[in-house]
Amino acid sequence: MSQPTLISAQGLSVHYALRGGLIGPKPYVGAVENVDIEIASGSFFGLVGESGSGKTTLGRAMLRAAPISKGDVHFDDGEVSYSLKGLRKQDLKDYRKRAQLIFQDPYAALSPRMTVRDIIAEPLEVMGLTSSRAETDERVREIAAKCRLNVEHLRRFPHAFSGGQRQRISIARALVSGPKFIVADESVAALDVSIQADVLNLLKAIQEDMGLTFLFISHDLSVVAHVCDHVAVMYLGRIVETAPTRALFSNPRHPYTTALLSAIPSLDPDDRGKVQKLEGEIPSPTNPPPGCTFQTRCPYAIDLCRIQEPSLENAGTEHRVACHRWQEIGDQAT
Amino acid sequence: MSRLIDVENLTLQFDTDEGRITAVDDVSFSLEAGEVMGLVGESGSGKSVTAKSMMKLNPRNAVYGPETKITLHLEDGPVDVMSLQNDAEMKIVRGGSISLIFQEPMASFAPAISIGDQMVEQLMIHTDFSKPQSKELSIEMLDRVGISDPSARFGQYAFELSGGMRQRAMIAMALSTKPKLLIADEPTTALDVTIQAQVIDLMKDLVTEFGMGIIFITHDLGVIAQTADKVAVMYLGKLVEQGSVRDVIRRPAHPYTRGLLAALPTLEDIDAPLTPIPGDIPSPLERPSGCVYHTRCQEVVGARCSAEAPKFLQVDTNHAAACHIHDASGGAA
Ligand SMILES: Nc1ncnc2c1ncn2[C@@H]1O[C@H](COP(=O)(O)OP(=O)(O)O)[C@@H](O)[C@H]1O
Ligand SMILES: Nc1ncnc2c1ncn2[C@@H]1O[C@H](COP(=O)(O)OP(=O)(O)O)[C@@H](O)[C@H]1O
Ligand code: SF4
Ligand code: SF4
Ligand SMILES: [Mg+2]
Ligand SMILES: [Mg+2]
């Protein structure tokens, strides 16, 4: 890959302590476990998996908004370079400017008494990035225009807006500090398809225009297939497969990826009943199954899977998969 | 097949602080026993309100249009739903012959009563079963929908179950009274695709087994393609297209349906651009004149579109759409 890595995680774990456990080891939720991930500068990187797989937590850890229990995250945009774990206060302040989250709904996340202008301006004011109100206004107007919000919109309150417009407000707020890295967590999940297409096109246009790097979290694989260049699949806190989008969708290697793809309802009415159904549900991360975490639902599980956890292996160009049997299974399928 | 329900000229308005809004405008359709009808459209198009009208379940600020006629065909003869007045009469439609499943089953289960007790209570109100019989049937239904260890689950509360299990329990409860019509309002929208696939599979099995009619409401055309026999597409309270699932998805006759399909990301062609429908859905307080879709339509055929409401016209056998494109008469304008 020609582009340098903007942000990467090495052996990253996020553990949340649980109550109890006076005797023996302290119980915890392993929301993210030993994740290695590299996101190239300028990438639109997708993160998929069922709910509870740890997508939000991984995204937040990369923003230094979730505790890093083990491992580290490294950020390097050419101007600054630092490890997030031991970040000093001054550097953390600087990082907030460079890495931003797009809220799912600004109306739910923010005070209903703030105007759209104030919502977008807040990061500038909190971080002290502008020196006068005029400068703030100028910056807000410029970003708002990129997100197709006009001066009239800026005076109003978010409750007066449709879902698509609210999402554009969120995007503007995330962009106003001039970040390099953006985490978009289920940014289009609540939108109708016609509006969803509009917001996705806007995100792509902004990314290209401003040279941004995106971590795009979504439970919708069809959306990810259309907008992302790379994809990582998570299951129970682990990355089980990662690949360039085309390779992942045309040649999935992990049984979990295959199952996720096959569960998407096809638009072809004559394609009914062809889904390869995944039984059961994702187990609790408090007490993950031993060996491969997917073994309780995997149709290919063998004894080895119940004892030993597979690690990510190369399965092609930039294609990595964590499964003991990926080669055999691939050979069977073809 | 035999006719299950006829909806004729359903019009429904709501009195709100900002004025009277039209939620459903002159909608007609019918459903046979054993048939699955998909009802699609963006949020606010009137899908839920239409479904609730089958049971006259809309809140007190709802005003039905005078032409509205809903006929439910039961074994004892047809029932005129709009004429039902008090709770006692309402029992005919709410008393188990029509069941509802919602997107969020949490809202359907009382938090402080166990799932089993709620199922039993419902059966005892709507059927002649005794308490032990009701309990036995409830456990049988929980088992039938794939809930493991049903006798133990019987005593659990809704919050103790996962989203997928709760939706299964909801289906078990809805089907235990052996309804003739099942209305499923976005039943899989809140679920992961993997769990959605399980629930859809389950519902298909149950339709075959119970032979009931289903109105399946969703905004997901893929789900429709996988479940429905026929489809009705709604926009801003109007029925804009209706036909078999194959016709509507493969040969959409209304510009709105075409717009929905063009905006939809699919795995069949991941390089296809996603084309949004321009503009936002208008507020129900400002319903556009003429064709309600004309403010966003990319196939407008002239001044007629904003002046005159298109008629619902047959475009093929069992396939109809409300669009001037299909009206050869040229109209008044
Ligand atoms: N603050 C927290 N405290 C305890 N557990 C948490 C916390 N945040 C997330 N979790 C748990 O971590 C797991 C992963 O959650 P999340 O990252 O939200 O997954 P996803 O976004 O993929 O749905 C879940 O089991 C969730 O319950
Ligand atoms: N109780 C109510 N009072 C006023 N307006 C309502 C009420 N219920 C629904 N509406 C309005 O009716 C229209 C149709 O709503 P609904 O049937 O819920 O749409 P859908 O299910 O297609 O998303 C919307 O404009 C909605 O705001
Ligand atoms: S390691 Fe074993 S259980 Fe895990 S995905 Fe591969 S075959 Fe299945
Ligand atoms: S009647 Fe006119 S505005 Fe309405 S859908 Fe047809 S072409 Fe478009
Ligand atoms: Mg999440
Ligand atoms: Mg609804």
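Okay, so let's go over this structure. (Residues numbered from 1 in each chain as written. Chains lettered and ligands numbered in written order. Predicted model: local features only at pLDDT ≥ 70, side-chain atom pairs only at ≥ 80, totals over all residues.)

**A look at the site of ligand 1**
Residues and elements named next belong to chain A.
Stage number 1. Close to ligand 1 lie Y16, V29, A31, G49, S51, G52, S53, G54, K55, T56, T57 and P285, which account for all nearby residues.
Stage number 2. Where the shell around ligand 1 is concerned, the elements lending two or more residues are strand 2 (28-40) and helix 1 (55-62).
Stage number 3. The leading source of residues in the shell around ligand 1 is helix 1, at 3 residues. (Near = placed C-beta within 6 Å. Helix = DSSP H or I, 4+ residues; strand = E, 2+ residues; numbered from the N terminus.)

**A word on the sheet that holds strand 9 (residues 230-235) of chain A**
Residues and elements named next belong to chain A.
Stage number 1. The 8 strands lie next to each other as 6-7-8-3-9-10-12-11, forming an open sheet whose pairing is mixed. Each of the sheet's edge strands pairs with one partner strand only, and the pair in question is strand 6 (99-102) and strand 11 (313-316). Direction aside, neighbouring strands of the sheet carry axes that sit 25 degrees apart on average.
Stage number 2. Taken together, the 5 bridges between strand 7 (residues 181-185) and strand 8 (residues 213-217) define a ladder with parallel strand orientation. Residue pairing across strands places D185 opposite I217, the latter belonging to strand 8.
Stage number 3. Here helix 1 sits on the sheet in contact with strand 3 (44-48), strand 7, strand 8 and strand 9, set at roughly 155 degrees to strand 8. (Pairing = 2+ DSSP bridges. Axes fitted to C-alpha atoms, helices over the stretch in contact; angles between N-to-C directions. Contact = placed C-beta atoms within 7 Å.)

**Some points on the interface of chain A and chain B**
Stage number 1. The interface is formed by 32 residues belonging to chain A together with 36 residues belonging to chain B.
Stage number 2. For the side of chain A that touches chain B, the element with the most residues is helix 8 (residues 193-210) of chain A, which contributes 7 residues.
Stage number 3. Among the residues forming the side of chain A that touches chain B, the class breakdown is 16 nonpolar, 9 polar and 7 charged. (Nonpolar A, V, L, I, M, F, W, Y, C, P; charged D, E, K, R; others polar.)

**Notes on the site of ligand 3**
Stage number 1. Near ligand 3, the surroundings consist of P255, C292, F294, Q295, C298, Y300, A301, C305, P310, C323, H324 and R325 of chain A.
Stage number 2. Looking at the shell around ligand 3 residue by residue, the class counts come to 9 nonpolar, 2 polar and 1 charged.

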